[in-house]
Amino acid sequence: MRGQLLQINEENAELIPFEKGEALLADRNNRTIPLLWMHLEHASPEEWGNLLTTLKLRDEDKTYAMQTRHFPQAAELAVGGLVLRMPLRISRNGVKKEDRLRYLTVIMLPQLLISRIQGQTSLLKRAGNRLLEDEQPAITSSAELLLYLLEIILETEVNHLLLARNGVAHLAAAAENDIDRLDNRKLARFHRRVSILAGQAEEKLFCLTLLASLLARGKAFDSMRPGITEQVDAHKHLLRSLERVQDRISELMRLTDSRSRQQTEQRLRVLTIISGIFMPLTFITGLYGMNFPSMPFLENRWGFWLVVCSMLGLGAGLITFFRKRGWFD
């Protein structure tokens, strides 16, 4: 297993070896342990199952924690805790265009929080580093630690929203000056990123709503209710903001499509005009290309120039006609 294990007290937080943490987890039912946060990356199903066995969870609790389907979930554990599954956006090698959506599993027990995700994410490491650097107020329970984790994830989602909204606003401002500067590929990338964010926010809102319903039915986690209610309200606002950004992107994409159609129509109009001009000229050329012994102006020394002049005049007349009709506008 890869990840990090933090021991947190009222004064500070410190990293401790996994071996020491496993010993504390194995003995957690026999004595009081300090507040621990274990974050796991790339833990295999066997390793995950062994850890749940070490925690002495019941079979139904292990079933909740072992689920792998990509669907948000919030359930209360029989041993007195919670299990959450929510989407989390991660980046491969730090490249934003390769962002992928993975599901984060969080188990909250008394004095213990375990987070697991199949992939490497700097978000949770950054949350741990803040605790190590003592940038957060004192956290004394696993419930407060869970709320802190949810706030860090929300903060990152809001930052992604602001980046996308500012990027779309920049493209829209450029389009007001010159619509040809709108880049369809950039719009498509923004549309994909905002769609991922909207899907993540929608599923996370569903998870938080389930959690709020669980807290409303019981009294075990009364201290979490205000924080979860704030999270639900914040995600509703986030989702509405993302929908407005999506609408703006769709509007810009329709604008670029309309401009593209106009350019195509203009090109077809030019080709039609050119065809209309050269069609009678081609007819005259084909007519005088026929091999007959007797044809008008064939023996006349000025015949060639008369035909050429008549063709030029016909072409000029057609151009004048099309211009007056507004075909060149």
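Residues numbered from 1 in each chain as written. Predicted model: local features only at pLDDT ≥ 70, side-chain atom pairs only at ≥ 80, totals over all residues. Heavy atoms only, no water.

Asker: Looking at this model, I keep getting lost on the environment of Val 308. Mind explaining?
Answerer: The residue Val 308 is located in helix H8 (residues 303-324) in this model. On a C-alpha basis, the gap between Val 308 and Thr 285 in space is 9.7 Å, while along the polypeptide they are 23 residues apart. (Helix = DSSP H or I, 4+ residues; strand = E, 2+ residues; numbered from the N terminus.)

Asker: Sorry, what's going on with a positive patch on the surface here?
Answerer: Judged by side-chain charge, Arg 165, Lys 236, Arg 240 and Arg 244 come together as a positively charged surface patch. In this structure, Arg 244 sits in helix H7 (residues 225-287). According to the relative accessible area criterion, Arg 244 is partly exposed, its value standing at 48%. (Patch = residues over 30% accessible without salt bridge, like charges linked within 9 Å, V, L, I, M, F, W, Y side chains within 5 Å. Areas by Shrake-Rupley, 256 points an atom, 1.4 Å probe, with all protein chains shown as cover. Salt bridge = Lys/Arg side-chain N within 4 Å of Asp/Glu carboxyl O. Lys, Arg positive; Asp, Glu negative; His and termini not counted. Charge placed at Lys NZ, Arg CZ, Asp CG, Glu CD. Buried < 20%, exposed > 50% of the residue type's maximum accessible area, 1.4 Å probe, protein only.)

Asker: Got a minute to help me understand the nonpolar core in this structure?
Answerer: Nonpolar side chains in soluble globular proteins generally cluster together in the buried interior. In this structure, Trp 37, Leu 131 and Met 224 are the most contacted members of the largest nonpolar core, which totals 59 residues. The dominant element in this core, judged by the number of residues it contributes, is helix H5 (residues 142-177), at 16 residues. Listed in part, the 21 residues of the second largest apolar core include Leu 25, Trp 48, Ala 65 and Leu 77. (Core = buried A, V, L, I, M, F, W, Y, C linked by side-chain atoms within 4.5 Å.)

Asker: Please clarify how the pairing of strand S7 (residues 112-117) should be interpreted in this entry.
Answerer: Looking along a regular strand, one sees side chains alternate from face to face of the sheet. The element S7 is largely enclosed, with a buried count of six among its six residues. Along S7, one buried face is formed by Leu 112, Ile 114 and Arg 116 and the opposite face, lined by Leu 113, Ser 115 and Ile 117, is buried too.

Asker: Can you help me understand a nonpolar patch on the surface in this one?
Answerer: Together, Leu 268, Val 270, Leu 271, Ile 274 and Phe 278 make up an exposed nonpolar region whose accessible area comes to about 470 Å². Position of Ile 274 relative to the elements: it lies in helix H7. A relative accessible area of 40% places Ile 274 in the partly exposed class.

Asker: Which parts of the structure should I look at to understand the pattern of salt bridges?
Answerer: Oppositely charged side chains can pair when the atoms bearing their charge come close. What the rule picks out here adds up to three salt bridges. Across the salt bridge formed by Asp 222 and Arg 225, the nearest N and O atoms sit 3.1 Å from each other. For Arg 225, a relative accessible area of 31% gives the class partly exposed. In this structure, Glu 251 and Arg 248 form a salt bridge, with 3.0 Å as the shortest nitrogen-oxygen distance. Here Glu 251 and its partner Arg 248 are both found in helix H7, three residues apart, which amounts to about one turn of the helix. With a relative accessible area of 39%, Glu 251 lands in the partly exposed category. Look at Arg 248 and you get partly exposed, because its relative accessible area is 29%.

That is the geometry; function is a separate question.
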